[in-house]
Amino acid sequence: MNHIFDFFLEPYRTATTLNIIIEIIAVVFGIASVWYAQKENILVFPTGIISTILFVYLCYIFTLYGDLTINIYYTLMSIYGWYMWKYSDNGNELAVTKSSIKDWVKAGSIFVITMIFVICVYLYFNRFDRITDYIDTITTGIFFAGMWLMANKKIENWLLWIIADLISIPLYFVKGLGFTGVQFIIFLILAVQGYNAWKKSLDKTRQTV
(Lines give C-alpha, C1' and ligand atoms only; values in the text may rest on other atoms or scores of the structure.)
Protein backbone atom coordinates (compact mmCIF):
# COMPACT_ATOMS: atom_id res chain seq x y z
CA MET A 1 0.00 0.00 0.00
CA ASN A 2 2.87 2.38 0.81
CA HIS A 3 4.29 1.78 -2.67
CA ILE A 4 1.00 2.98 -4.17
CA PHE A 5 1.02 6.16 -2.08
CA ASP A 6 4.68 6.75 -2.92
CA PHE A 7 3.96 6.33 -6.63
CA PHE A 8 1.11 8.84 -6.38
CA LEU A 9 2.83 11.40 -4.16
CA GLU A 10 6.48 11.25 -5.28
CA PRO A 11 6.09 13.72 -8.19
CA TYR A 12 4.55 16.26 -5.80
CA ARG A 13 7.50 16.28 -3.40
CA THR A 14 9.31 18.70 -5.69
CA ALA A 15 6.21 20.56 -6.90
CA THR A 16 5.38 23.99 -5.54
CA THR A 17 2.31 24.46 -3.38
CA LEU A 18 0.94 26.88 -5.96
CA ASN A 19 1.17 24.33 -8.78
CA ILE A 20 -0.49 21.64 -6.66
CA ILE A 21 -3.36 24.00 -5.82
CA ILE A 22 -3.70 25.01 -9.48
CA GLU A 23 -3.89 21.36 -10.55
CA ILE A 24 -6.58 20.61 -7.97
CA ILE A 25 -8.64 23.64 -9.08
CA ALA A 26 -8.22 22.65 -12.73
CA VAL A 27 -9.35 19.10 -11.93
CA VAL A 28 -12.43 20.31 -10.02
CA PHE A 29 -13.51 22.58 -12.88
CA GLY A 30 -12.74 19.84 -15.41
CA ILE A 31 -14.98 17.37 -13.59
CA ALA A 32 -17.69 20.02 -13.28
CA SER A 33 -17.46 20.64 -17.02
CA VAL A 34 -17.98 16.98 -17.93
CA TRP A 35 -20.84 16.72 -15.40
CA TYR A 36 -22.54 19.71 -17.04
CA ALA A 37 -21.92 18.14 -20.46
CA GLN A 38 -23.81 14.98 -19.62
CA LYS A 39 -26.69 17.17 -18.37
CA GLU A 40 -26.64 19.10 -21.68
CA ASN A 41 -26.06 22.23 -19.61
CA ILE A 42 -24.27 25.07 -21.41
CA LEU A 43 -22.15 25.66 -18.29
CA VAL A 44 -20.01 22.85 -19.69
CA PHE A 45 -18.15 25.51 -21.65
CA PRO A 46 -17.28 28.26 -19.11
CA THR A 47 -16.23 25.68 -16.51
CA GLY A 48 -14.24 23.85 -19.17
CA ILE A 49 -12.50 27.04 -20.27
CA ILE A 50 -11.32 27.74 -16.71
CA SER A 51 -9.98 24.19 -16.40
CA THR A 52 -8.20 24.13 -19.74
CA ILE A 53 -6.53 27.51 -19.27
CA LEU A 54 -5.11 26.30 -15.95
CA PHE A 55 -3.91 23.08 -17.59
CA VAL A 56 -2.16 25.06 -20.34
CA TYR A 57 -0.02 26.58 -17.61
CA LEU A 58 0.60 23.24 -15.86
CA CYS A 59 1.48 21.41 -19.07
CA TYR A 60 3.97 24.13 -19.96
CA ILE A 61 5.61 23.79 -16.53
CA PHE A 62 5.78 19.98 -16.90
CA THR A 63 6.90 20.27 -20.58
CA LEU A 64 3.92 18.19 -21.71
CA TYR A 65 3.61 19.87 -25.08
CA GLY A 66 1.06 17.46 -26.54
CA ASP A 67 -1.24 18.05 -23.58
CA LEU A 68 -0.58 21.78 -23.76
CA THR A 69 -1.73 21.72 -27.38
CA ILE A 70 -4.85 19.78 -26.37
CA ASN A 71 -5.84 22.34 -23.77
CA ILE A 72 -5.30 25.33 -26.07
CA TYR A 73 -7.56 23.59 -28.59
CA TYR A 74 -10.12 22.78 -25.88
CA THR A 75 -10.26 26.44 -24.90
CA LEU A 76 -10.88 27.56 -28.48
CA MET A 77 -13.33 24.75 -29.17
CA SER A 78 -15.23 25.54 -25.96
CA ILE A 79 -15.81 29.06 -27.24
CA TYR A 80 -17.01 27.58 -30.55
CA GLY A 81 -19.20 25.01 -28.78
CA TRP A 82 -20.66 27.68 -26.49
CA TYR A 83 -21.83 29.56 -29.60
CA MET A 84 -23.06 26.42 -31.40
CA TRP A 85 -25.14 25.16 -28.48
CA LYS A 86 -26.76 28.54 -27.94
CA TYR A 87 -27.21 30.10 -31.36
CA SER A 88 -26.68 27.65 -34.23
CA ASP A 89 -30.22 26.24 -34.41
CA ASN A 90 -32.15 29.43 -35.26
CA GLY A 91 -32.02 30.62 -31.70
CA ASN A 92 -33.13 27.25 -30.30
CA GLU A 93 -30.95 25.08 -28.12
CA LEU A 94 -28.98 22.63 -30.25
CA ALA A 95 -30.41 19.10 -30.05
CA VAL A 96 -28.42 15.87 -29.67
CA THR A 97 -27.95 14.10 -33.01
CA LYS A 98 -26.02 11.16 -34.45
CA SER A 99 -22.95 11.74 -36.57
CA SER A 100 -23.36 11.51 -40.32
CA ILE A 101 -20.73 10.13 -42.68
CA LYS A 102 -19.72 13.74 -43.36
CA ASP A 103 -19.28 14.32 -39.62
CA TRP A 104 -17.07 11.24 -39.30
CA VAL A 105 -14.95 12.35 -42.26
CA LYS A 106 -14.43 15.72 -40.52
CA ALA A 107 -13.67 14.03 -37.19
CA GLY A 108 -11.26 11.63 -38.88
CA SER A 109 -9.53 14.52 -40.64
CA ILE A 110 -9.17 16.34 -37.32
CA PHE A 111 -7.67 13.18 -35.80
CA VAL A 112 -5.04 12.76 -38.54
CA ILE A 113 -4.14 16.46 -38.81
CA THR A 114 -3.85 16.68 -35.02
CA MET A 115 -1.49 13.70 -34.83
CA ILE A 116 0.73 15.21 -37.53
CA PHE A 117 0.73 18.57 -35.74
CA VAL A 118 1.62 17.07 -32.35
CA ILE A 119 4.42 15.02 -33.90
CA CYS A 120 5.82 18.22 -35.43
CA VAL A 121 5.58 19.97 -32.04
CA TYR A 122 7.49 17.18 -30.30
CA LEU A 123 10.11 17.04 -33.04
CA TYR A 124 10.56 20.81 -32.80
CA PHE A 125 11.22 20.55 -29.07
CA ASN A 126 13.31 17.39 -29.62
CA ARG A 127 11.04 15.50 -27.26
CA PHE A 128 10.27 12.11 -28.79
CA ASP A 129 12.32 10.43 -26.07
CA ARG A 130 9.57 8.92 -23.90
CA ILE A 131 6.93 6.30 -24.65
CA THR A 132 4.31 8.71 -23.29
CA ASP A 133 5.18 11.14 -26.10
CA TYR A 134 4.10 8.58 -28.69
CA ILE A 135 0.87 7.79 -26.86
CA ASP A 136 0.22 11.54 -26.55
CA THR A 137 -0.07 11.84 -30.31
CA ILE A 138 -2.88 9.25 -30.34
CA THR A 139 -4.84 10.54 -27.34
CA THR A 140 -4.52 14.12 -28.55
CA GLY A 141 -6.03 13.15 -31.91
CA ILE A 142 -8.90 11.30 -30.23
CA PHE A 143 -9.60 14.16 -27.82
CA PHE A 144 -9.54 16.74 -30.63
CA ALA A 145 -12.03 14.75 -32.69
CA GLY A 146 -14.19 14.11 -29.61
CA MET A 147 -14.25 17.78 -28.66
CA TRP A 148 -15.38 18.76 -32.16
CA LEU A 149 -18.20 16.21 -32.00
CA MET A 150 -19.23 17.49 -28.55
CA ALA A 151 -19.24 21.11 -29.73
CA ASN A 152 -21.68 20.02 -32.42
CA LYS A 153 -23.66 17.90 -29.93
CA LYS A 154 -23.04 14.57 -31.64
CA ILE A 155 -23.68 11.62 -29.31
CA GLU A 156 -20.63 9.70 -30.53
CA ASN A 157 -18.33 12.20 -28.82
CA TRP A 158 -18.81 10.18 -25.62
CA LEU A 159 -17.47 7.02 -27.28
CA LEU A 160 -14.26 8.82 -28.19
CA TRP A 161 -13.96 10.25 -24.66
CA ILE A 162 -14.35 6.75 -23.20
CA ILE A 163 -11.56 5.35 -25.41
CA ALA A 164 -9.23 8.28 -24.70
CA ASP A 165 -9.99 8.24 -20.96
CA LEU A 166 -9.08 4.55 -20.73
CA ILE A 167 -5.71 5.35 -22.29
CA SER A 168 -5.16 8.54 -20.26
CA ILE A 169 -5.78 7.12 -16.78
CA PRO A 170 -2.49 5.19 -16.50
CA LEU A 171 -0.71 7.71 -18.74
CA TYR A 172 -1.14 10.63 -16.36
CA PHE A 173 -0.03 8.61 -13.33
CA VAL A 174 3.15 7.77 -15.22
CA LYS A 175 3.60 11.45 -16.12
CA GLY A 176 3.49 12.39 -12.45
CA LEU A 177 0.12 14.19 -12.48
CA GLY A 178 -1.70 11.96 -10.00
CA PHE A 179 -4.64 14.26 -9.38
CA THR A 180 -5.18 14.49 -13.14
CA GLY A 181 -5.07 10.68 -13.35
CA VAL A 182 -7.86 10.52 -10.77
CA GLN A 183 -9.71 13.14 -12.77
CA PHE A 184 -9.68 10.87 -15.82
CA ILE A 185 -11.09 7.98 -13.77
CA ILE A 186 -14.01 10.26 -12.89
CA PHE A 187 -14.15 11.42 -16.52
CA LEU A 188 -14.53 7.79 -17.63
CA ILE A 189 -17.47 7.23 -15.29
CA LEU A 190 -19.09 10.50 -16.37
CA ALA A 191 -18.52 9.69 -20.04
CA VAL A 192 -20.40 6.39 -19.72
CA GLN A 193 -23.21 8.20 -17.89
CA GLY A 194 -23.11 11.00 -20.46
CA TYR A 195 -23.54 8.59 -23.36
CA ASN A 196 -26.56 6.99 -21.69
CA ALA A 197 -28.09 10.38 -20.84
CA TRP A 198 -27.61 11.74 -24.38
CA LYS A 199 -29.01 8.52 -25.86
CA LYS A 200 -32.20 9.02 -23.84
CA SER A 201 -32.35 12.63 -25.04
CA LEU A 202 -31.83 11.49 -28.65
CA ASP A 203 -34.56 8.83 -28.35
CA LYS A 204 -36.92 11.40 -26.83
CA THR A 205 -36.26 13.82 -29.70
CA ARG A 206 -36.97 11.07 -32.27
CA GLN A 207 -40.25 10.23 -30.55
CA THR A 208 -41.27 13.91 -30.56
CA VAL A 209 -40.46 14.23 -34.26
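In this report, we go over the structure that sits alongside the text. What you are looking at is a predicted structure, and each value in this text was computed from that prediction instead of being measured.

Criteria and cut-off values
- Residues numbered from 1 in each chain as written.
- Predicted model: local features only at pLDDT ≥ 70, side-chain atom pairs only at ≥ 80, totals over all residues.
- Heavy atoms only, no water.
- Helix = DSSP H or I, 4+ residues; strand = E, 2+ residues; numbered from the N terminus.
- Buried < 20%, exposed > 50% of the residue type's maximum accessible area, 1.4 Å probe, protein only.
- Contact = heavy atoms within 4.5 Å.
- Phe/Tyr/Trp six-rings, centres within 6.5 Å; stacked < 30°, edge-to-face > 60°.
- Axes fitted to C-alpha atoms, helices over the stretch in contact; angles between N-to-C directions.
- Left-handed = near helix turned anticlockwise from the far one by under 90°.
- Nonpolar A, V, L, I, M, F, W, Y, C, P; charged D, E, K, R; others polar.
- Patch = residues over 30% accessible without salt bridge, like charges linked within 9 Å, V, L, I, M, F, W, Y side chains within 5 Å.
- Areas by Shrake-Rupley, 256 points an atom, 1.4 Å probe, with all protein chains shown as cover.
- Salt bridge = Lys/Arg side-chain N within 4 Å of Asp/Glu carboxyl O.

### Quick look at the overall build of the protein chain
Right, on to step 1. Summing up its helical and strand segments, the protein chain has eight helices and zero strands in all.
Right, on to step 2. Within the protein chain, buried positions represent 48% of all 209 residues.
Right, on to step 3. Once local pairs closer than 6 in sequence are excluded, the contacts in the protein chain between residues at least 24 apart make up 71%.

### Re the packing of aromatic side chains
Right, on to step 1. According to the stated counting rule, one finds 11 aromatic pairs in the structure shown.
Right, on to step 2. Ring centres of Y73 and F144 lie 3.7 Å apart, and the angle between their planes is 10°; on these two criteria the pair is classed as stacked. Taken together, the residues Y73 in helix α4 (residues 65-87) and F144 in helix α6 (residues 131-151) connect sequence positions 71 residues apart.
Right, on to step 3. A relative accessible area of 15% places Y73 in the buried class.
Right, on to step 4. Ring centres of F143 and W161 lie 5.4 Å apart, and the angle between their planes is 40°; on these two criteria the pair is classed as tilted. Of the two residues, F143 sits in helix α6 while W161 sits in helix α7 (residues 157-175), which places them 18 residues apart along the sequence. Side by side, F143 and W161 carry an identical accessibility label, which is buried.

### Digging into the packing of helix α2 (residues 17-38) against helix α3 (residues 44-61)
Right, on to step 1. Remark: α2 packs on α3, axes separated minimally by 8 Å, with the N-to-C direction vectors making an angle of 145°. Regarding α2 and α3, the two cross each other, and that crossing is left-handed. Of the residues in α3, those touching α2 at N19, I22, E23, I25, A26, V27, F29, G30, A32, S33, Y36 and A37 are V44, T47, G48, I50, S51, L54, F55, Y57, L58 and I61.
Right, on to step 2. Tallied by class, the residues present in the contact of α2 with α3 amount to 15 nonpolar, six polar and one charged.

### Considerations on a nonpolar patch on the surface
Right, on to step 1. Taken together, L18, Y57, Y60 and I61 make up a surface patch of nonpolar side chains, about 410 Å² in accessible area.
Right, on to step 2. If you tally residues by element for the nonpolar patch, the top one is α3, at three residues.
Right, on to step 3. Within the secondary structure layout, Y57 lies in helix α3.
Right, on to step 4. We classify Y57 as partly exposed; its relative accessible area is 34%.

Shape is all these values report; function is a separate question.
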